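Listed below are the residues making up each chain.
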Amino acid sequence: MKVIVTGGAGFIGSAFVRMAIGETDMHVVNLDKLTYAGNLENLTSIEKDPRYRFVEGDICDAALVDSLMAEEKPDAMVHFAAESHVDRSILSPEPVIQTNLRGTFTLLEGARKHRLKRFVHVSTDEVYGSLEAPLEADENYPLNPSSPYSASKAGSDLLARSYFVTYKMPVLITRASNNYGPYHFPEKLIPLMISNALEDRPLPVYGDGQQVRDWLYVDDHCRGILAVLRGGREGQIYNIGGNRSLPNLDVVHKVLAITGKPESLIQYVTDRPGHDRRYALSSEKLMRETSWRPLMDFETGLGRTIDWYRTNSAWVARVRSGAYRTYYEKNYGNREAVSS
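Here we summarise the structure given alongside this text. (Residues numbered from 1 in each chain as written. Predicted model: local features only at pLDDT ≥ 70, side-chain atom pairs only at ≥ 80, totals over all residues. Heavy atoms only, no water.)

**Examining the overall build of the chain**
Threshold: Comment: elements are numbered from the N terminus, with helices defined as DSSP H or I runs of at least four residues and strands as E runs of at least two. Radius of gyration: over C-alpha atoms. The globule rule applied is 2.2 Å multiplied by the number of residues raised to the 0.38 power. Per-residue accessibility, obtained with a 1.4 Å probe over protein chains only, is compared with the maximum for each type, and a residue is labelled buried under 20%, exposed over 50%, and partly exposed between these values. Using a 1.4 Å probe, the Shrake-Rupley method yields the accessible areas, and only the shown protein chains count as cover for residues. Charged residues are defined narrowly, with Lys and Arg counted positive, Asp and Glu counted negative, and His plus the chain ends left uncounted. Charge placement uses NZ in Lys and CZ in Arg. For Asp and Glu, CG and CD serve respectively.
Looking only at helices and strands, the chain has twelve helices and 13 strands in total. Relative to the 2.2 N^0.38 estimate, which gives 20 Å for 340 residues, the radius of gyration of the chain is 19 Å and therefore close to what a compact globule would have. Judged by the C-alpha coordinates and their principal axes, the chain covers about 55 × 45 × 40 Å. When the 340 residues of the chain are sorted by exposure, 56% land in the buried category. Accessible surface computed for the chain: about 14,000 Å², of which carbon and sulfur atoms make up 50%. Across the chain, the mean location of the 40 positive side-chain charges is 4 Å away from that of the 43 negative side-chain charges.

See below:
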């Protein structure tokens, strides 16, 4: 199978590419614009493999998408490429609308024209919005996005679904819970807390830190996507969860305990606007229809992730570019610290 992977230089996309090249016989063409979170260093272990090719480009570029599909004649596409950070979408909504909606439309049109056999659209549990305990969202749960990011993903999910209904395109949609693991750009909760703790810098915690998230190790997520690509039913949605829900503050405490850093590094800051309180997924459908199960328990996965950041401090330093520093200071520097 030859697969075009969009956003294959990002955190989850690069993990998928490494897995596809290292553990399957797939040929992978990686289309990535190399925005701030796209890093080809994530792929150095497989970059010289004859079954791998990198193409720099924008998924909104219809001519490029068309020519790439005509040249490569792929069997399938796995679509990761997205503006994926909620805070960035709040500060500047336009990029998430352009990439997540326009980009998905461009890819769907290309896939329709070239009659791809599979189109896997990778989405997020955030499209379900905040759920009261003990509810868990299955694939039929109503969409209730809260941020420009999650709204753009919900819209792209519906667009992808419409191509199955209207054009009979072999579209499949996955929705995953919060991922963590190596190579994660240090802006999301776990990599930010780890990198700051290792440098003895403050750990900014939104509000009271009691927002609950389900945690999924990135390789477990990628195995779930492979299961859907290979055996999922066309037109279906599949949730991929880690079955480990924790308040954010508990995660921060675990990071500090493993790194041996003091809890005095925690700095409570004004909460994010419209911050969802609780996400929760049911992965029963995927587990019932395939052999997939999440294999990594959270404590082991977190320990491995922290070890990776300890031994790859140079990687962290390189990805923390001037642009990232500007964003970091804009997003966190202007938030008023509050007492614990």
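**Side note on the environment of M1**
Assignment of secondary structure puts M1 in the segment before strand 1 (2-6). Given the relative accessible area of 41%, M1 is considered partly exposed. Sequence-wise, M1 and Q210 are 209 residues apart; in three dimensions their C-alpha atoms are separated by 44 Å.

**Overview of the packing of aromatic side chains**
Test applied: Stacked, edge-to-face and tilted are the three classes for Phe, Tyr and Trp ring pairs, Trp counted by its six-membered ring, which pair at centre distances within 6.5 Å; planes under 30 degrees apart are stacked, over 60 edge-to-face, the rest tilted. Ring-over charges, as used throughout, are those where CZ of Arg or NZ of Lys falls within 6 Å of the ring centre and within 35 degrees of the ring normal.
Summed over all chains, the structure comprises 13 aromatic pairs. Considering the side-chain rings of Y180 and F298, the 5.2 Å spacing of their centres and the 65 degrees angle between planes classify their relative orientation as edge-to-face. Note that Y180 is positioned in strand 7 (residues 178-180) and F298 in helix 10 (residues 298-311), a separation of 118 residues in sequence. Note on accessibility: Y180 and F298 belong to one class, buried. One aromatic cluster in this structure is built from Y180, W215, Y217 and F298. Across from the ring centre of Y279, 4.0 Å away, lies the NZ or CZ of R213, which sits over that ring.

**Concerning the nonpolar core**
Convention followed: As used in this record, nonpolar core signifies buried Ala, Val, Leu, Ile, Met, Phe, Trp, Tyr and Cys residues forming a set joined through side-chain atoms within 4.5 Å. In this description, contact between two residues means that some pair of their heavy atoms is separated by no more than 4.5 Å.
By size, the foremost hydrophobic cluster in this structure holds 35 residues, and its most contacted members are F16, V17, V28, V78, I225 and L229. Within the residue set of this core, elements represented by two or more residues are strand 1, helix 1 (11-23), strand 4 (76-79), strand 5 (118-124), strand 6 (171-176), helix 7 (218-231), strand 10 (237-240) and helix 9 (284-289). Beyond its immediate chain neighbours, meaning those up to four positions away, I225 contacts F16, V78, F80, V120, V122, T174 and I240. Counting residues in each nonpolar core, the second largest holds 29 residues, with I190, L203, M296 and F298 among its members.

**Re the pattern of salt bridges**
We count it as follows: Basic side-chain nitrogens of Lys or Arg form a salt bridge, by our definition, when they fall within 4 Å of a carboxyl oxygen of Asp or Glu.
If you walk through the whole model with that rule in mind, you get 20 salt bridges. Note that K33 is salt-bridged to D58, the shortest N-O span being 3.4 Å. One end of the pair, K33, is in the loop between strand 2 (27-32) and strand 3 (52-56); the other, D58, is in the loop between strand 3 and helix 2 (62-72), and 25 residues separate them in sequence. Overall, the relative accessible area of 25% leaves D58 in the partly exposed class. With a shortest N-O distance of 3.8 Å, K117 and D75 are connected by a salt bridge. Linking K117 in the loop between helix 4 (94-113) and strand 5 with D75 in the loop between helix 2 and strand 4, this pair joins segments that are 42 residues apart in sequence. Connected through salt bridges with shared partners, the residues K2, R53, E71 and E72 form a single ionic network.

**Describing the sheet that holds strand 1**
Spelled out, the test is: Here a strand pair is declared whenever DSSP counts at least two bridges between the two strands. For every element, the axis is a line fit to its C-alpha atoms; helices are fit only across the contacting stretch, and the angle between N-to-C directions ranges from 0 to 180 degrees.
Across the sheet, seven strands lie side by side as 3-2-1-4-5-6-10; this open sheet has parallel pairing. Either end of the sheet is taken by a strand with one partner, and the two such strands are strand 3 and strand 10. On average, each strand axis in the sheet is inclined to that of its neighbour by 20 degrees, with strand direction left out of account. Sheet topology places strand 1 next to strand 2; five bridges connect them, and they run parallel. What sits directly across from K2, in strand 2, is H27. Along the sheet, helix 1 makes contact with strand 1, strand 2, strand 3 and strand 4, crossing strand 2 at roughly 165 degrees.

**Regarding the sheet that holds strand 11 (residues 245-247)**
Strands pair in a sheet through their backbones, by hydrogen bonds, and they do so in one of two ways: parallel or antiparallel. Spatially, the three strands line up as an open sheet ordered 7-9-11, and their pairing is mixed. Each end of this open sheet is capped by a strand with a single partner; those strands are strand 7 and strand 11. The average angle at which neighbouring strand axes cross in this sheet is 50 degrees, direction not considered. Here strand 7 pairs with strand 9 (residues 212-217) via three bridges, running parallel. Among the inter-strand pairings, N179 is bridged to a residue of strand 9, identified as L216.

**Brief notes about the packing of helix 2 against helix 4**
Our working rule: Whether a crossing is left-handed or right-handed is set by the direction in which the near helix is turned from the far one by less than a right angle, anticlockwise for left-handed and clockwise for right-handed. Polar here means any residue other than Ala, Val, Leu, Ile, Met, Phe, Trp, Tyr, Cys and Pro, which are nonpolar, and Asp, Glu, Lys and Arg, which are charged; Gly is therefore polar.
Between helix 2 and helix 4, the shortest axis-to-axis distance is 9 Å and the interhelical angle comes to 35 degrees. Between helix 2 and helix 4 lies a crossing whose hand is right-handed. Together, A62, V65, D66 and M69 of helix 2 and T106, L107, G110, A111 and K113 of helix 4 make up the contact between the two elements. Split by residue class, the contact of helix 2 with helix 4 holds five nonpolar, two polar and two charged.

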